[in-house]
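# Notes for the structure review
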Amino acid sequence: MKVGQSIQHKKPSQDDNLIPLINIVFLMLIFFMVAGHISPSDPLKVQPPISSSETHENEQPLVLVVSTDGQIAFDQVILTKQELAAQITSKFEAAEDKNSFNLLVKVDANLAVEELQSILQIIKKTGLKRVALATQKTAETS
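Attention in this report is confined to the structure presented alongside it. (Residues numbered from 1 in each chain as written. Predicted model: local features only at pLDDT ≥ 70, side-chain atom pairs only at ≥ 80, totals over all residues. Heavy atoms only, no water.)

For the rest of this paragraph, the subject is the overall build of the protein. In terms of helices and strands, the protein carries three helices and seven strands. Helices and strands in the protein line up, N terminus first, as α-β-β-β-β-α-β-α-β-β. When the 142 residues of the protein are sorted by exposure, 24% land in the buried category. Sequence-distant contacts, at least 24 apart, represent 72% of the contacts inside the protein between residues at least 6 apart. Total accessible area on the protein is roughly 11,200 Å²; 56% of this is exposed by carbon and sulfur atoms. (Helix = DSSP H or I, 4+ residues; strand = E, 2+ residues; numbered from the N terminus. Buried < 20%, exposed > 50% of the residue type's maximum accessible area, 1.4 Å probe, protein only. Contact = heavy atoms within 4.5 Å. Areas by Shrake-Rupley, 256 points an atom, 1.4 Å probe, with all protein chains shown as cover.)

Encoded structure:
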């Protein structure tokens, strides 16, 4: 070191203050990736009708989705009306407790009533006792 030369101290970088923040954000990202539950989406996009009923199903039912144009998806598989009865019957017969077997029907609000009735007739012929129709909650007006 030369005489008269001053020692230069390194200024703390402002980036050094970001490292703890980056660590916290990374840990939160990992937490939400591990703790989050992602449920499968329906194979057909539907907008359920609105209802004022407040009842809730506790058990996980099998889901039947019917779009506006009449496409049918049962248990994540797109089917025709002719295949629907056979698929529901096979799932119903394979169930251990037939009295607790339930089916949730999600239909688009714009589906024709005649189309819904024909699908419900198919379900009725399979012998199911517990069928629910999925609806949206109405907006509360105060």
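The next subject is the sheet that holds strand β6 (residues 130-133). Ordered by their spatial adjacency, five strands build an open sheet running β4-β3-β2-β5-β6, and the pairing between neighbours is mixed. Looking at the sheet topology across the chains shown, the edges are occupied by β4 (77-79) and β6. Between one strand axis and the next, the sheet turns by 25 degrees as a mean value, whatever way the strands run. (Pairing = 2+ DSSP bridges. Axes fitted to C-alpha atoms, helices over the stretch in contact; angles between N-to-C directions.)

A few words on the packing of helix α2 (residues 81-94) against helix α3 (residues 113-126). In contact at an axis separation of 9 Å, α2 and α3 are set at 35 degrees when each is read in the N-to-C sense. Crossing handedness for the pair α2 and α3: right-handed. Contact with α2, carried on its side by Lys-81, Leu-84, Ala-85, Ile-88, Thr-89 and Phe-92, involves Glu-115, Ser-118, Ile-119, Ile-122, Ile-123 and Thr-126 of α3 and no other residues of that element. Of the residues that constitute the contact of α2 with α3, the class distribution is seven nonpolar, three polar and two charged. (Left-handed = near helix turned anticlockwise from the far one by under 90°. Nonpolar A, V, L, I, M, F, W, Y, C, P; charged D, E, K, R; others polar.)

With that settled, consider a nonpolar patch on the surface. Together, Phe-26, Leu-27, Leu-29, Ile-30, Met-33 and Val-34 make up a nonpolar patch on the protein surface, roughly 650 Å² of accessible area in all. Judged by its relative accessible area of 68%, Val-34 falls in the exposed class. (Patch = residues over 30% accessible without salt bridge, like charges linked within 9 Å, V, L, I, M, F, W, Y side chains within 5 Å. Salt bridge = Lys/Arg side-chain N within 4 Å of Asp/Glu carboxyl O.)

Within strand β2 (residues 62-66), four of the five residues are buried, which leaves the element mostly enclosed by the surrounding structure. Looking at chain direction, β2 and strand β5 (residues 102-107) are connected through five bridges and run parallel. Bridge pairing links Val-63 to Leu-104 in β5. Bridge count between β2 and strand β3 (residues 72-74): three bridges; the pairing is antiparallel. Looking at the pairing, Leu-64 lines up with Phe-74 of β3. Count of turn residues in the β2/β3 antiparallel hairpin: five residues, of which Gly-70 carries a positive phi of about 90 degrees.

In this section: the packing of aromatic side chains. Under the counting rule described, the total for this entry stands at two aromatic pairs. Both rings, one in Phe-31 and one in Phe-32, keep their centres 5.2 Å apart while their planes meet at 70 degrees; by these two values the pair is edge-to-face. Ring centres 5.5 Å apart and planes at 65 degrees place the aromatic pair Phe-92 and Phe-101 in the edge-to-face group. With respect to burial, Phe-92 and Phe-101 carry one shared label: buried. (Phe/Tyr/Trp six-rings, centres within 6.5 Å; stacked < 30°, edge-to-face > 60°.)

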